[in-house]
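These are the residues of each chain, in order.
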Amino acid sequence: MKLQFKLEETDTLTKARLGKISYHGQEYATPMFMPVGTNATVKTLAPEELKEVGSGIILANTYHLWLRPGEDIVAQAGGLHQFMNYDGPILTDSGGFQVFSLAKPKDITEEGVYFKNHLNGDKLFLTPEKSIAIQNKLDSDIAMSFDECPPATADYEYLKQSVERTVRWAARGKKVHQNPNQMLFGIVQGGPHQDLREYSAKETVKLDFDGYSIGGVANDHESKEDMYKAFQYSTDYLPTDKLRYAMGIGDPIDIIEGVIRGIDLFDCVTPTRLARHGHAHTWHGNINVRNSKYKDVFEPIEKGCQCYACRHYTLAYIRHLIVANETFGARLLSIHNIYFLHQLMLKIRENIKNHTLLEFRDQFKQDFYGAKK
RNA sequence: GCGGAGUUGGUGAAGUGGUUAACACGGUAGAUUGUGGCUCUAUUAUGCGUGGGUUCGACUCCCACACUUCGCC
């Protein structure tokens with residue numbers, strides 16, 4: 001059965017929204033943060049641990065699973081849920097981001113995109129139809145249209161023709177989408193430009209998707225201002241009763257600013273990647289656990305934090321694990337960081353309910369970034 | 001006791017009579033936004049065993065001493 005979204009409340013002071021996702025008898029509140037599990041695993045975490053830290057929807061990646069183990073293997077296993085033993089909702093990215101990260105502009109054609117296989121160098125060709133067919137087989141709950149994800153700072157003319165092509169690709173993908181239990185989202189592009197975002201949103205909405213994503217953000221060191229414009233200029237033209245998803249956004253302040261502009265879903269690799277690199281989120285900013293000043297700090301990463309890592313382990317111990325390159329260190333920090341972002345979303349939802357989101361943002365910004373930003 | 005070889009940073013080490021002592025690892029710090037766990041960036045010996053000497057100038061040449069190591073008695 002398809003996942004259901006119900007908009008429950010819209011903030012009176014901002015465009016922030018509270019909603020509920022229903023899925024096989026489970027309910028999840030939005031706005032929500034979704035951890036990324038590219039290879040059908042949120043790196044270092046077992047599904048039970050995802051539940052414990054408060055995860056709902058998680059991501060998996062079409063491109064990576066297409067190359068390895070192949071969508072047919074996943075289908076033989078009974079779909080992604082069976083294959084990876086996760087009974088919560090799963091969203092698959094379409095491979096569109098890999099157009100940005102792995103292909104060169106000259107490899108992008110109207111028909112599709114040529115890739116160099118990052119595993120063995122083979123030449124690959126991915127099209128909108130192929131991406132949707134793979135996602136149908138993976139049997140995720142939410143599939144993404146295959147889009148081009150150009151750098152946010154690309155010039156206007158390039159973005160214009162790219163946006164138009166992404167709309168055509170969305171239509172092609174929708175035409176071949178078959179899985180009745182799977183939502184399909186369209187993706188809004190257009191960089192920071194109001195007219196391109198408007199065009200992209202309106203044309204994509206005409207195709208009538210189950211939800212809408214905002215892509216092409218936070219991918220080329222564009223200014224925060226431009227990123228927030230991209231949010232605003234996209235949600236301005238999206239229907240209120242459908243989910244809105246900002247792709248790849250994970251900096252806490254960007255999440256808050258996104259919620260303020262009417263976005264419901266966020267995903268990011270940062271909690272797990274930062275963890276693997278030894279960094280931890282705290283309410284007073286990110287800390288580098290490797291720093292020698294933590295070598296004899298026999299306290300949790302954050303006092304009062306109720307995550308598994310903070311309830312049982314000290315900074316000194318986790319630092320030792322990270323410095324010694326032990327995987328348990330990355331696992332404990334991943335648990336902590338994902339838990340932190342879910343707690344952030346909880347606070348965001350409380351503040352929407354209390355109509356104090358703007359005050360919360362200002363206070364959070366001061367605590368988290370201090371004088372830095 | 002005699003003879004040979006050798007002493008350069010936390011480690012392994014390059015180096016030349018002439019400005020800032022190569023490189024690697026390690027350390028320290030930073031980056032990381034629809035994931036390669038990769039990686040990238042900066043920084044890390046005011047000093048070349050100790051003391052003299054030669055020289056305009058010595059880590060580099062000479063002498064003594066200390067220490068390490070190999071061989072012989």
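Up top you'll find the structure we're talking about.
Caption draft 1: Fine view of the overall build of chain A. When helices and strands are tallied, chain A shows 15 helices and 15 strands. Over its C-alpha atoms chain A spans a radius of gyration of 20 Å, differing by no more than 12% from the 21 Å that the globule rule assigns to 373 residues. For chain A, with 373 residues in total, the buried portion stands at 55%. In chain A, the share of contacts with a sequence separation of at least 24, taken over all contacts with a separation of at least 6, comes to 67%. With the model as given, the accessible surface of chain A reaches about 15,600 Å², and the carbon-plus-sulfur share is 50%. Of note, chain A has its 44 positive side-chain charges centred 3 Å away from the centre of its 47 negative side-chain charges.

Caption draft 2: Representation of the sheet that holds strand S3 (residues 26-30) in the model. In space, the three strands of this open sheet follow the order S1-S2-S3, with antiparallel pairing throughout. Strands at the two margins of the open sheet, each flanked by one partner only, are strand S1 (4-10) and S3. Going across the sheet, the axis of each strand differs from the next one's by a mean of 20°, ignoring polarity. Across six bridges, S1 lies against strand S2 (residues 17-23) in antiparallel orientation. The residue of S2 that forms the bridge with Glu 9 is Leu 18.

Caption draft 3: Geometry of the packing of helix H9 (residues 224-235) against helix H10 (residues 252-260). The contact between H9 and H10 brings their axes to 10 Å, and the two run at 35°. Crossing hand, H9 versus H10: right-handed. Mapping the contact onto sequence places Lys 224, Met 227, Tyr 228 and Phe 231 in H9 and Ile 253, Asp 254, Glu 257 and Gly 258 in H10. When grouped by side-chain class, the residues that make up the contact of H9 with H10 number four nonpolar, one polar and three charged.

Caption draft 4: View of the protein's contact with RNA strand B. Surveying the vicinity of RNA strand B reveals 39 residues, the closest of which are Cys 149, Val 269, Thr 272, Arg 276 and His 279. Protein-adjacent atoms of RNA strand B, using a 4 Å cutoff, are sugar or phosphate at a proportion of 51%. In this structure, Asp 147 approaches RNA strand B through a side-chain N or O atom, which is 2.9 Å from a base nitrogen. Within the contact set of RNA strand B, a base oxygen lies 3.0 Å away from a side-chain nitrogen or oxygen of Lys 224. Listed by contribution, the elements that provide at least two residues to the surface near RNA strand B are helix H5 (96-101), H9, strand S13 (265-268) and helix H11 (270-276). With five residues, H11 is the largest single contributor of residues to the surface near RNA strand B. Here the residues of the surface near RNA strand B are counted per class, giving 11 nonpolar, 17 polar and 11 charged.

Caption draft 5: Molecular detail of the layout of surface pockets. Taken as a whole, the largest pocket encloses approximately 1,200 Å³ of empty space. Contributing to the lining of the largest pocket are 50 residues, with Phe 97, Gly 248, Cys 268, Val 269 and Arg 273 lying nearest its centre. Here the lining of the largest pocket takes five residues from H11, the largest share from any one element. Taken together, the residues of the lining of the largest pocket break down into 18 nonpolar, 19 polar and 13 charged. Both domains that furnish three or more residues to the lining of the largest pocket are identified here as domain 1 (4-268) and domain 2 (270-373). In this structure, the second largest pocket occupies an estimated 170 Å³ of space. In terms of lining, the second largest pocket is formed by 14 residues, of which the most central are Ala 29, Gly 54, Ser 55, His 342 and Arg 349. Listing elements by their share of the lining of the second largest pocket, those giving two or more residues are S3, strand S4 (32-35) and helix H14 (327-353). A per-class count over the lining of the second largest pocket returns eight nonpolar, five polar and one charged. Taken domain by domain, the makeup of the lining of the second largest pocket includes at least three residues from each of domain 1 (4-268) and domain 2 (270-373).

Caption draft 6: Examining the sheet that holds S4 more closely. Strand order across the open sheet formed by eight strands is S4-S13-S12-S11-S10-S9-S6-S5, with parallel pairing between neighbours. The open sheet has two edge strands, S4 and strand S5 (58-61), and neither has a second partner. Strand-to-strand twist across the sheet, computed as the mean angle between neighbouring axes with direction ignored, equals 30°. Bridge count between strand S6 (residues 90-93) and strand S9 (residues 142-144): two bridges; the pairing is parallel. Bridged to Thr 92 within S9 is Ala 143. This element, helix H6 (residues 128-138), spans S6, S9 and strand S10 (183-188) of the sheet and lies at about 165° to S9.

Caption draft 7: Highlighting the nonpolar core. Counting residues in hydrophobic clusters, the biggest one holds 46 residues, and the most contacted among them are Leu 80, Val 113, Phe 115, Ile 301 and Leu 333. Here this core takes five residues from H14, the largest share from any one element. Split by domain, the residues of this core number at least three in each of domain 1 (4-268) and domain 2 (270-373). Other than its neighbours up to four places away in sequence, Leu 80 contacts Ala 40, Ala 60, Leu 65, Val 74, Asn 85, Ile 90, Thr 92, Leu 138 and Ser 140. With 30 residues, the next largest nonpolar core counts Ala 16, Phe 33, Leu 357 and Tyr 369 among its residues.

Basis of the calculations
Residues numbered from 1 in each chain as written. Chains lettered and ligands numbered in written order. Predicted model: local features only at pLDDT ≥ 70, side-chain atom pairs only at ≥ 80, totals over all residues. Heavy atoms only, no water. Helix = DSSP H or I, 4+ residues; strand = E, 2+ residues; numbered from the N terminus. Rg over C-alpha atoms; globule rule 2.2 N^0.38 Å. Buried < 20%, exposed > 50% of the residue type's maximum accessible area, 1.4 Å probe, protein only. Contact = heavy atoms within 4.5 Å. Areas by Shrake-Rupley, 256 points an atom, 1.4 Å probe, with all protein chains shown as cover. Lys, Arg positive; Asp, Glu negative; His and termini not counted. Charge placed at Lys NZ, Arg CZ, Asp CG, Glu CD. Pairing = 2+ DSSP bridges. Axes fitted to C-alpha atoms, helices over the stretch in contact; angles between N-to-C directions. Left-handed = near helix turned anticlockwise from the far one by under 90°. Nonpolar A, V, L, I, M, F, W, Y, C, P; charged D, E, K, R; others polar. Near = heavy atom within 4 Å. Polar contact = N/O pair within 3.5 Å; in protein donor to acceptor, adjacent residues only side chain to side chain. 1 Å grid on protein atoms, 1.4 Å probe; cavity = no way out; pocket = protein on both sides within 12 Å on 5 of 7 lines; lining within 4 Å. Points joined across faces, edges and corners; volume = space filled by probe spheres on them. Domains from an automatic or database assignment. Core = buried A, V, L, I, M, F, W, Y, C linked by side-chain atoms within 4.5 Å.

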